[in-house]
Amino acid sequence: MKQLMLGNQAFARGLYEAGCAVASSYPGTPSTEVTEEAAKYDEIYCEWAPNEKVALEVAFGASLAGRRSFCGMKHVGLNVAADPLFTCSYTGVNAGMVICVADDAGMHSSQNEQDSRHYAAAAKVPMLEPSDSEEAYLFARKAYELSEEFDTPVIMKMCTRIAHSQSIVETGERTEEKRLPYEKNIAKYVMMPGNAIRRHPIVEERTRKLTAYAEDCAFNRVEMGGTKLGIITSSTCYQYVKEAFGEEASILKLGMAYPLPEKLILDFAAKVDKLAVVEELDPIIEDHCRKLGLTVIGKDVFPLEGEYSQNMVAERLGKEPPSYKSLGEALPGRPPVMCAGCPHRGLFYTLSKNHCTVLGDIGCYTLGAVSPLNAIELTLCMGASVSSIHGFNKALGEESEGKTVAVIGDSTFMHSGMTGLANIAYNQSASTVIILDNSITGMTGHQQNPTTGYNIKGDPAGKIDLESLCRAMGFQRVTVVDPYDLEACDRVLKEEMAAKEPSVIISRRPCALLKYVKHQPPLRVDKEKCVGCKSCMKIGCPAISIKDGKAAIDNTLCVGCGVCRQLCRPDALQPGEVRK
Amino acid sequence: MTKNIMIVGVGGQGSLLASKLLGHLLLSEGYDVKVSEVHGMSQRGGSVVTYVRFGDKVYSPIIDKGEADFIVSFEELEAARYVEYLKEGGRIVTNTQQIDPMPVIIGAAPYPEGLIGKMQALGIRVDAMDCLSLAEKAGSAKAVNIVLMGRLSLYFDIPAEKWQKAIAECVPAKFEEMNQKAFLLGRGEA
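Okay, so let's go over this structure. The structure presented is a predicted model; accordingly, all values stated were derived computationally and were not measured. (Residues numbered from 1 in each chain as written. Chains lettered and ligands numbered in written order. Predicted model: local features only at pLDDT ≥ 70, side-chain atom pairs only at ≥ 80, totals over all residues. Heavy atoms only, no water.)

### Things to note about the nonpolar core
Of all hydrophobic cores here, the largest spans 66 residues; its most connected members are A:Phe348, A:Leu351, A:Val407, A:Leu421, A:Ile434 and A:Ile435. Sort the elements by how many residues they give to this core and helix H20 (residues 486-498) of chain A lands first, with six residues. When near neighbours in sequence (up to four residues on either side) are disregarded, A:Leu351 contacts A:Cys356, A:Val358, A:Val405, A:Val407, A:Ile434 and A:Leu493. If you look at the next biggest cluster of nonpolar residues, it comprises 44 residues, including A:Leu229, B:Val8, B:Tyr59 and B:Val83. (Core = buried A, V, L, I, M, F, W, Y, C linked by side-chain atoms within 4.5 Å. Buried < 20%, exposed > 50% of the residue type's maximum accessible area, 1.4 Å probe, protein only. Helix = DSSP H or I, 4+ residues; strand = E, 2+ residues; numbered from the N terminus. Contact = heavy atoms within 4.5 Å.)

Below, the structure written as structure tokens:
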């Protein structure tokens, strides 16, 4: 059946049809929907793991047990999962194992734009790179055959434009899952030096065989057109090249990003007058071509950063892009903001008011760094807030301990904040860690996590109690506060920062976008009382603006959280009337 | 020949339903279709863009500057923001609703005035209407997306019944009647 499918949805369909039985992932834009869609098939056991390293090891365990498995993550997630990745390259697999990594060139929702293809080369694991939904579907199916034939995990690299674009897919049926028996094999699976030394040459031999496979596999193909220009490309760049050049140029489309073929590239180069490589981010194909002794146009004309497009490809390779009209005036930007009613807002207002040094983490609350709150001074990677506050306080001592806090979301805390907290408990700094518990993984679009009490399908699951967990680590000071209550936030923050011992504040209120959260009617402004002092504007709520010198509430956005009311001295902001 | 429709607005305004509807409709018309969306951080009240492309064979999932046949905008400032993406001779279909972005809210910049007039002064065809009022008339402020689709449908050779069928297939049954009304209001037929 032909249907429009998101790249991630098509990927999940491929997993299903290939007989995948176990999937474990950690959400991360743009990879999240692969696992969410896979969870819609009852034949696949799916779960959200606390982090990518755990997820990859779960998937490996399932493969070891003889069932086809999957693990999905975003590019930075692969940094977390790198440890098991590098060594399961040595052990190989039992049943097929596929890893999805989704890059985010252009950083639509990421803290860096690292190129995941380096990992395939570094871990010596084959990597496939689809260029639309149809290929995401087909490659996912074939990836399992490749995995089992070559005894290796297989990485499939997605990117934002493949993951989050819909194109037409013709789907098929699920093939009956072939369960493989688990057999004890110490020499293959116990990677102590004596065994690993014997596995390493097997990895090198496998890479030689995979390179030979890459020379004439179905993943790579030549599309001959005009021979004045030949372009080697992959992934979404292939689409930009086709759009810009059609049949004018000849194209070598590489669907296998690692290992790269040699003869195929040399033969293609010999057929064209001039050779160009079009690839986003790092010059991986280009460097490979240069090693083969070829002269290529590449990063001398194309950027190392950001997303490409058809016009950029056309222009950099000497074609005229279309003309357009321009307004010629600078327009105010529209950066993303915390939603109206976001529970993080009240807490960040309190931090801003107290002039705290705030070390932040990864999640919606990173938006606490933007105007008017400007309340976050560090965002590095998952869990870094908790670890780095300890280092910050060890470096500065009492000078910083009384005014510095770490903020981390519930899901990020479970991902990799816990280990940092263990370090604070063990090596003792008077650090204050604030867990922003909004009862969901927010930024990636509402995924459950170990603190919510529900699993990926929304069914009841185990629930980790944050207070008990912190106390079990040895924290004597664990306080829960409602971030809608500014007075309580202020009092608790001051007390905990002043304490001469480690402390945890749990700022608890569910995300305002959760379906089960009941909203209050929008507030209304008493224009007689409003003096236009703009105190309510200090919290940066998108539902409040100033119209004709008085506060105005956008009824379509306001959820009646009442945080702004607490800042209004003339009491001009009134509860709205309940709609009947 | 590939046709390009860009849908722009503010995160949370419902552009994903509009692109879903278009994708569904154009697929049923036998076209090759690509739809490109933005998820994650960018959705939180920020400026959002969705690309819909259709034709015999579509390659790139995105629309570049100077390529859009139509820009469908949920908000006035957003229409102006993406004007460079419009093809020579293309058309802007926009809601006249103004939503203050954070720089305006905090007083760092004014909301630009007369944007529609400025675009028209460049010779750009702008079809501007108050979609929010029409959506509220249909029964929900959330139906701005379908009002806009109604307006857009006037510029297509695809009969209204096919759009209405696509709406029936893309929205939950309990909201269908309201959305069908919004569609007709957008067309100026209700």
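Don't stop here, the text continues.
### Things to note about the pairing of strand S4 (residues 68-73) of chain B
Residues and elements named next belong to chain B. The element S4 is extensively covered by neighbouring structure, given that six of its six residues are classed as buried. Bridging between strand S1 (residues 3-10) and S4 involves four bridges; their strand directions are parallel. Among the inter-strand pairings, Ile-5 is bridged to a residue of S4, identified as Phe-70. Both S4 and strand S5 (residues 86-95) contribute to a ladder of five bridges, which runs parallel. Bridge pairing in S5 places Val-72 opposite Val-93. Handedness of the β-α-β unit built from S4, helix H2 (residues 76-81) and S5 comes out right-handed. (Pairing = 2+ DSSP bridges. Right-handed = clockwise from strand over helix to strand, strands pointing away.)

### Quick notes on the pattern of salt bridges
All names here are of chain A. On inspection of all chains with the given rule, the structure shows 45 salt bridges over all chains. The partner of Lys-40 in a salt bridge is Glu-37, with the nearest N and O atoms 3.1 Å apart. Taking relative accessible area as the criterion, Lys-40 reaches 60% and is therefore assigned exposed. The residue Lys-353 makes a salt bridge to Asp-490 at a minimum N-O spacing of 3.7 Å. Placement of Lys-353 in helix H15 (residues 344-353) and of Asp-490 in helix H20 is noted, with a sequence separation of 137 residues between them. A residue is classified by how much of its surface remains accessible, and Lys-353, at 44% relative accessible area, is partly exposed. The exposure class of Asp-490 is buried, given its relative accessible area of 13%. Connected through shared salt-bridge partners, Glu-135, Arg-221, Glu-223, Lys-242, Glu-247 and Lys-253 make up one network. (Salt bridge = Lys/Arg side-chain N within 4 Å of Asp/Glu carboxyl O.)

### Remarks on the interface of chain A and chain B
Chain A puts 56 residues into the contact, and the matching count from chain B is 56 residues. Roughly 4900 Å² of surface becomes buried between chain A and chain B when both sides are summed, with 59% attributable to carbon and sulfur atoms. The interface formed by chain A and chain B holds six salt bridges in total. For the side of chain A that touches chain B, the elements supplying multiple residues, two or more each, are strand S1 (2-6), strand S8 (165-170), helix H11 (235-245), helix H14 (310-316) and strand S20 (544-547) of chain A. With six residues, the top contributor of residues to the side of chain A that touches chain B is H11(A). Looking at the side of chain A that touches chain B, its residues break down into 24 nonpolar, 22 polar and 10 charged. Relative to strand S2 (residues 32-36) of chain B, S8(A) runs antiparallel, the two sharing two bridges. Note that in S2(B) the partner of A:Gln166 across the bridge is B:Val35. (Buried area = accessible area lost by both parts, 1.4 Å probe. Nonpolar A, V, L, I, M, F, W, Y, C, P; charged D, E, K, R; others polar.)

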